[in-house]
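Here are the chains, one letter per residue:
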Amino acid sequence: MHAGAFDEVTSCLVKVPEKTEGGKNMALVENVTTLQKSQDLLEAEREKKTMMKKMMRQIQEEPLDSLSSSVRKQAMEILTQLSHTQPTLGVWERSELVNMCVQSVFSLPSVQAMQEKDETKAETIQTLYHQTLEALQSLLKALFIEDPTPAGLKSILEALGPWMNSGKAHERARAVNSNISVLNHVLLTLPFFMPLGFPALGLLLGRLLLRIGDPDEEIGREALDGIIILYTILELQKRARDKEETNKKELYESNKHFLGPYNPVSPCQNILRVIVEFGDFLGPQQIKDLLLAALEGLKGSSEAPGKDSREMMQLASEVTLSSVLEWYRHRALEVIPEIMQGIYMQLSHIQEPRARQVALLPISLLASSFMTEVVVALLMCPLPLNSNGAEMWRQLILRKPSCDVRDLLDLLLGSLKEKPVTKEGRASIVPLAAASGLCELLSVNSCMGRVRRIYPQLLLALLIQVHYHIGLNLPGYVASPKDTKKGAQPSAFVPVRWVVKVVKTLLLRMGCSYETTFLEDQGGWELMEQAESHHRGVALLARAMVHYSCQELCRILYLLIPLLERGDEKHKITATAFFVELLQMEQVRRIPEEYSLGRMAEGLSHHDPIMKVLSIRGLVILARRTDKTAKVQALLPSMVKGLKNVDGMLVVEAVHNLKAVFKGRDQKLMDSAVYVEMLQILLPHFSDSREDVRSSCINLYGKVVQKLRAPRTQAMEEQLVSTLVPLLLTMQEGNAKVSQKCVKTLLRCSYFMAWELPKRAYSRKPWDNQQQTVAKICKCLVNTHQDSAFIFLSQSLEYAKNSRASLRKCSVIFIGSLVPCMESIMTEDRLNEVKAALENLRHDPEASVCIYAAQVQDHILASCWQNSWLPHGDSWVCYPVTTHHWSPSCENLPTSHQRRSWIMQALGSWKMSLKQ
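Residues numbered from 1 in each chain as written. Predicted model: local features only at pLDDT ≥ 70, side-chain atom pairs only at ≥ 80, totals over all residues. Heavy atoms only, no water.

Peer 1: Explain the overall build of the chain residue by residue, including any values.
Peer 2: Counting its secondary structure elements, the chain contains 45 helices and 0 strands. Here the chain holds 916 residues, and 55% of them are scored as buried. The long-range share in the chain, meaning contacts at least 24 apart out of those at least 6 apart in sequence, stands at 73%. For the chain, the accessible surface area stands at approximately 41700 Å², while carbon and sulfur atoms represent 51% of it. (Helix = DSSP H or I, 4+ residues; strand = E, 2+ residues; numbered from the N terminus. Buried < 20%, exposed > 50% of the residue type's maximum accessible area, 1.4 Å probe, protein only. Contact = heavy atoms within 4.5 Å. Areas by Shrake-Rupley, 256 points an atom, 1.4 Å probe, with all protein chains shown as cover.)

Peer 1: Got a sec to walk through helix H9 (residues 150–160)? Specific residues and values, please.
Peer 2: Where H9 is concerned, the buried positions are Gly152, Leu153, Ser155, Ile156, Leu157, Ala159 and Leu160. Where H9 is buried, its residues touch helix H6 (91–106), helix H8 (122–146), helix H10 (169–189) and helix H11 (201–212).

Peer 1: Which residues make up unusual backbone geometry, and what values go with them?
Peer 2: The omega torsion of the bond from Leu383 to Pro384 falls at -5°, within 30 degrees of zero and hence cis. As for its position among the elements, Pro384 is in the loop between helix H18 (353–378) and helix H19 (387–398). Each neighbour pair has its own omega, and for Ala710 with Pro711 the value is 0°, a cis peptide bond. One non-glycine residue with positive phi stands out, namely Ala200, at about 50°.

Peer 1: Requested: an account of the nonpolar core, with residues and values cited.
Peer 2: Membership of the largest hydrophobic core comes to 291 residues, with the highest contact counts inside it found for Met340 and Phe578. Broken down by element, the residue count for this core peaks at 15 residues, all from H18. Aside from chain neighbours lying at most four places away, what touches Met340 is Ile363, Leu366, Val374, Ala377, Leu378 and Met392. (Core = buried A, V, L, I, M, F, W, Y, C linked by side-chain atoms within 4.5 Å.)

Peer 1: Kindly report on the pattern of salt bridges, identifying the contributing residues and their values.
Peer 2: Under the defined criterion, the tally for this structure stands at 39 salt bridges. With its nearest N and O atoms 2.7 Å apart, the salt bridge here joins Glu391 to Arg356. Of this pair, Glu391 sits in helix H19 while Arg356 sits in helix H18, placing them 35 residues apart in sequence. Taking the shortest distance from any N to any O, the salt bridge between Glu593 and Lys628 comes out at 3.7 Å. (Salt bridge = Lys/Arg side-chain N within 4 Å of Asp/Glu carboxyl O.)

Peer 1: Pulling in residues and values, what's your account of the side chain of His467?
Peer 2: Relative to the elements of secondary structure, His467 occurs in helix H23 (residues 455–469). Of the polar contacts made by the side chain of His467, one reaches the side chain of Thr574; its length is 3.1 Å. With residues near it in sequence (within four places) discarded, His467 still touches His534, Lys570, Ile573 and Thr574. (Polar contact = N/O pair within 3.5 Å; in protein donor to acceptor, adjacent residues only side chain to side chain.)

Peer 1: Explain empty space enclosed by the protein to me, and be specific about the residues and the numbers.
Peer 2: If you walk through the whole model with that rule in mind, you get 3 cavities of 30 Å³ or more. The computed volume of the largest cavity comes to approximately 70 Å³. Lys154, Leu157, Glu158, Gly161, Met164, Asn179, Pro199, Ala200, Leu203, Leu204 and Arg207 together form the lining of the largest cavity. Contributions of two or more residues to the lining of the largest cavity are made by H9 and H11. Looking at the lining of the largest cavity, its residues break down into 6 nonpolar, 2 polar and 3 charged. (1 Å grid on protein atoms, 1.4 Å probe; cavity = no way out; pocket = protein on both sides within 12 Å on 5 of 7 lines; lining within 4 Å. Points joined across faces, edges and corners; volume = space filled by probe spheres on them. Nonpolar A, V, L, I, M, F, W, Y, C, P; charged D, E, K, R; others polar.)

Peer 1: Let's hear about helix H27 (residues 534–547): which residues, and what values?
Peer 2: Between its terminal C-alpha atoms H27 stretches 20 Å, which fits the 20 Å expected from 14 residues at 1.5 Å a residue. When you tally the buried positions in H27, you get 12 out of 14 residues, the bulk of the element. Where H27 is concerned, the buried positions are His534, His535, Arg536, Gly537, Val538, Ala539, Leu540, Leu541, Ala542, Ala544, Met545 and Val546. At the exit of H27 stands Ser549, carrying a positive phi of roughly 55°. (Expected span 1.5 Å × (residues − 1).)

Peer 1: Describe the packing of aromatic side chains, and please don't skip the residues or the numbers.
Peer 2: Counted under the stated rule, the structure contains 9 aromatic pairs. Within the aromatic cluster, the residues linked to one another by ring pairs are Tyr231, Phe258, Phe278 and Phe281. Sitting over the ring of Phe258, Arg273 keeps its end group 5.2 Å from the ring centre. (Phe/Tyr/Trp six-rings, centres within 6.5 Å; stacked < 30°, edge-to-face > 60°. Lys NZ or Arg CZ within 6 Å of the ring centre and 35° of its normal.)

Peer 1: Go over the packing of H19 against helix H20 (residues 405–416), please, and point to the residues and values.
Peer 2: Between two packed helices, what matters for the description is the angle formed by their axes and the separation of those axes. Remark: H19 packs on H20, axes separated minimally by 10 Å, with the N-to-C direction vectors making an angle of 145°. Contacts between H19 and H20 pair Trp393, Leu396 and Ile397 from the former with Val405, Leu408 and Leu412 from the latter. Counted by class, the contact of H19 with H20 contains 6 nonpolar, no polar and no charged residues. (Axes fitted to C-alpha atoms, helices over the stretch in contact; angles between N-to-C directions.)

Peer 1: Which residues make up the confidence of the model for the chain, and what values go with them?
Peer 2: Confidence in the prediction for the chain averages 84 pLDDT; 84% of positions are at 70 or higher. In the predicted structure, residues 35–39 sits below a pLDDT of 50 and forms 10 contacts with residues beyond four places in sequence or in another chain. Low pLDDT, under 50, characterises residues 877–900; the stretch is placed with 31 contacts to residues that sit more than four places away or in other chains. (pLDDT = per-residue confidence, 0-100.)

Below is the structure:
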């Protein structure tokens, strides 16, 4: 191509007068010819694309509210000529070109509106408009010739489709007219073979069907003519496959007579006739596209002027939807998921109530024949359900023909029994979606009788799903904007809370309002949502149902018995937690003992601590019945033994229950071993990080001590002596509630053991400035229980590692007074152990701990020097002991051992640790 080709072709836009036919201009023809003769394909492709972009830019610059020049028309004529040159345009480029040109022409106001705006040019505007529309249609035909394939045809028809549902009549008319122009051209250029069928047949047919019912009769008449042309094309394709010779014109006239004349009074008759006759050409994909096209027509119905016009368009959509599914419902079976998805997407754009009812019609029609497939498709709705998804679920039973509610609920129950996490670790939304669907069905009064039929199964399945969904996150799911306050960010969608909401809804709909209120007041719903307390929430619900005499409890009880051995751990824990509370019912007497007492006894040896605690709870409940009391009491040692190495919260829960068994037992000597074992279990939890666990365990410890009776055994004495240091240190942690429990328990221990502790041992005043008091307590402990002195030291060293700074501090103070009291029995290894612990504490992140550790080091060292009991060679001493005469006074110590220097070093260490 010569260098000036591009400039010369584009200059035609300026040189050609407005009233000349730009497509016939000699300059244009010469330049296009030059382009066609180019031998360099790469250069030709680049020049063609450059020229095309120039034309498109010229078209885009034209105003969309008026038609005052022929630039738009001439540019499309040049593009038409360019389409005959090589190489051909790509799919994306062709699609962009068609969409831009269609947008530019179709967006123009109606001819009448443009004429009224400029009456002096009314005739010119009308002529120019028809020329411009003709130029567009010529371009579309040329582009089809450039790529006469199904894909090429589809790219053209897709651009015209959205305009056929416009709320403006002149835009719909342009779209229908252009479609017919393209179809006519396709008919004239046949035969060309389409092995996969006519592209987007369902969408095109559906859009033309809706236009038959257009308020504008002329549009309706043209739409029917377009359908006749389409039918003729399909017939020709069919005969071409059968190698039959056919006269196109005769076939068109025959089909025109066959499909009937346009009926402006009742266009729906035309729609029905067309749907029936097109049956041979409609497969599953075409049926789906046809239905979705009918839904498209409902989007713009609210924009159409006038109530009558909206009703006509809605009627056309309804007739199309219902008749297609009446005749070809079974062909839609394999595309039900896509149909449901299409309905869900379209509902977001359909606001008018009547139009929404029409859009939802396929759900009930399909469900009447294929309920399982429809339900499975609805389970794929995005979660959490918005108003559209909820309405789709309710459509199953609110509209005729409705599906069988019993079968529907059975399907949902089956989905609720699935696990939300598969063996491969993939998260499944099916159970959560089933719970959401059930929640919507519960809002429909007509199905409540059927719900009651399977209420026990639904309730238990939902409670187990709550357990499954604890901690389960579904990435990408957020709360619906409608559920979010204005100005606030949408909250994260927490699946377990949603399932709990469905449980509440089910209970309320079944008349359990007292039970739901009880759980609300007791925080039961929050307990149910946490992994460590889920069983407590379930038990609280069961307890409330027993208390308020729920009518369905007997059915639930008999349903639970076989469920206890099924499923995984979460399934069993939830079922057992509910079952245990039902043991309070009188009907339990009818159950064989192996399913009540036997099952609970087996649970005591279960590997899961929660199952052990639940079994203890069940045995305690059974012990209230006189015929089971003795058998349960015989199991008391096993019940206590099962609590070893169990979490503190579970221990508290179990011991609270066991108190009832203790009260019912005769006080015999043989009980002492059980009591001592109970004390051994409670003691380690004195240092638990949770305040409520510490407080409860200390309090329960004291109450168990009250149960002890003389004579005191060695095991009792050793156990209670081992309690002294934990109680004294915990009393100093600074928590008023816990400290008060410590004082009470220490008093009970002292009373039983006849200890004569210093009065200040029971004081909760801080030890910070009470060094003499601490020394007096330590001296009393060592003198009274010398054999346990090293136990006291080990316990205090262990507390020095506690996560709470207050306990570390008071343990350091205690060590500082305890070690000097043990001078007669202290060993080098033990002293080195103390030294290492204090060295670590001098680098503690808490300043007060650092300071007290330094002071205690100083105090112990001074005591060692003063009493000459420091082990030989100890590294605490900077100089040989024999070369110094030590005095208990700090002022007489070497500078490196003076208290102030230790404090400054401790502060320096603390600052360094903070910087790190």
